[in-house]
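# Chain and residue survey
Given next are the chains, with one letter for each unit.
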Amino acid sequence: MTKSVAHFLELESSFGAPNYLPLDIILERGEGTWVWDILGNKYLDCLASYSALNQGHCHPKLIKAVEAQAKTLSLTSRAFRNTELPLLYEILHRFSGKDMFLLMNSGAEAVETAIKIARRWGYRSKGVEKDKAEIIVCENNFHGRTTTLISFSSEETYKKDFGPFTPGFKIIPFGDPLALEKAITKNTVAFLVEPIQAEAGVLIPPDSYLKSVESICKKANILLIADEIQTGLGRTGERFCFERESVKPDLITIGKALSGGYYPISAVLGDKHILELMEPGSHGSTFGGNPFGCAIAKQALNILSEEDLISKSKELGIYALEKFRKIDSPLIKDVRGMGLLIGIELNVSARSICLKLAREGILCKDTHDTVIRFTPPLVITKQEIDFAVEGFRKVLK
Ligand SMILES: *Cc1c(COP(=O)(O)O)cnc(C)c1O
């Protein structure tokens, strides 16, 4: 096999739809917080595949779970039952405190599913008039790329020439409880929100925003849907980001780190009186809840607890924030974050800085032109954080 970078780049640019603009680094191996390219260069992974790799690359326990289940049973479809799905339910119940779950594959599918569930609850429990349900969302949201989800995006590049769009959504500013209060009508069934807007550039709402939102939703009898696909599962130093304000959303979407990077698996978690409205035939997915994915998810969740990765994320997040804030560079505009979800806002193009960081052995991704996301696997050590901070310091000089 040829190891020429040019060869791979040529194949990709000839045959791949150009919907991504990756750095020209071709990775072939990963272990923990580190990845290696085909030339043998080693990099500290400070993106962790958008927080899908909270457990780190190729975690030995996940390899074991993958191998064992791959040899045993991969797919049953939901026409039949399997052993892994109910066992995953049990773990999800213990982990989240929620009492009913619906398994899907990608994050976008989990959000789509939550939207269907909320609408159904609106018609059947709240008594909203047929086909009138409204869901309130926030400006700068990111919930995935399906036609319905981009329908309520405020990002022009996500939407351009993809219309017509799905109706039934209302966009309000993020972090503003009053705007929510004003936007609610008799047809509102839910408020869908990311506890921290990660894709938008790690935007953290004001203190007690989530708490206010929770009480507004309760008072107006609408569902609070927390999209924890990126912020959940330890990323922000809590099991779920909303926990820092002791909020209890009605529905929660998770994905990404739910499989520790091995397999697309996502879920909607919720209360029984809501999820039980999804009777047989109302929704489904050929691969949703398959034994292979569930066996991996069970282990991925176990690793978070066994290795104490959630409190580690909190502690190391504080450490990393302080270190990044100490970098004395006029190019840094702001450093913000919670747990190991950290955004470094620059006065210059973040992509050019990411290119230079890669030369220092640090893989980072720009988001929204001027923000670099520092979201390494939660298994990162203090020494590795120091290495990343030193790289930033050098590049920003
Ligand atoms: C990544 C992400 C999604 C979409 O997940 P996919 O698996 O890419 O479909 C949805 N919501 C949030 C907050 C995300 O970060």
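The following refers to the structure shown. (Residues numbered from 1 in each chain as written. Predicted model: local features only at pLDDT ≥ 70, side-chain atom pairs only at ≥ 80, totals over all residues. Heavy atoms only, no water.)

## Considerations on the sheet that holds strand 8 (residues 223-227)
Basically, it comes down to this: For two strands to pair, DSSP has to find at least two bridges joining them. Strands are runs of DSSP state E lasting at least 2 residues, helices are runs of H or I lasting at least 4, and numbering of each runs from the N terminus. What counts as an axis is a line fitted to C-alpha atoms, over the stretch in contact for a helix, and the angles between N-to-C directions run from 0 to 180 degrees. Every residue pair with non-hydrogen atoms within 4.5 Å of one another is taken to be in contact.
Within the open sheet, the 7 strands sit side by side as 4-10-9-8-7-5-6. Their pairing is mixed. The outermost strands of the open sheet, each flanked by one partner alone, are strand 4 (100-104) and strand 6 (169-172). If you compare each strand with its neighbour and ignore which way they point, the axes differ by 20° on average. In the sheet, strand 7 (residues 188-193) pairs with strand 8 via 4 bridges, with the strands oriented parallel. Considered in strand 8, the bridge of Val-193 is made with Ala-226. Along the sheet, helix 4 (residues 84-96) makes contact with strand 4, strand 9 (251-254) and strand 10 (266-270), crossing strand 4 at roughly 120°.

## Focus on the nonpolar core
Put simply, the test is: Residues enter a nonpolar core if they are buried and are Ala, Val, Leu, Ile, Met, Phe, Trp, Tyr or Cys, with the set joined through side-chain atoms within 4.5 Å. Any residue under 20% of the maximum accessible area for its type is buried, any over 50% is exposed, and the rest in between are partly exposed; the area is computed with a 1.4 Å probe on protein chains only. What counts as a domain boundary in this text is fixed by an automatic or database domain assignment.
Membership of the largest hydrophobic core comes to 80 residues, with the highest contact counts inside it found for Phe-191 and Phe-374. Here this core gets 8 residues from one element, more than from any other, and that element is helix 11 (residues 291-306). Looking at which domains feed residues into this core, each of domain 1 (5-58 + 308-396) and domain 2 (73-307) supplies at least three. Look past the residues within four positions of Phe-374 in its chain and what remains in contact with it is Cys-46, Ala-320, Phe-324, Leu-340, Leu-341, Ile-342, Ile-344, Ile-380, Ile-385 and Ala-388. Counting residues in each nonpolar core, the second largest holds 29 residues, with Met-104, Ile-115, Val-268 and Leu-277 among its members.

## What to know about the pairing of strand 9
Looking down a regular strand, the side chains alternate between one sheet face and the other. A two-sided burial pattern is seen for strand 9, the buried positions comprising Leu-251 and Thr-253 on one face and Ile-252 and Ile-254 on the other. In this structure, strand 8 lies alongside strand 9, joined through 3 bridges in parallel fashion. Across the sheet, Asp-227 pairs through a bridge with Thr-253, a residue of strand 9. Note that strand 9 and strand 10 share 4 bridges and pair antiparallel. In the sheet register, Ile-254 faces strand 10, and the bridge partner there is Ala-267.

Don't take any of this as a statement about function, it's just geometry.
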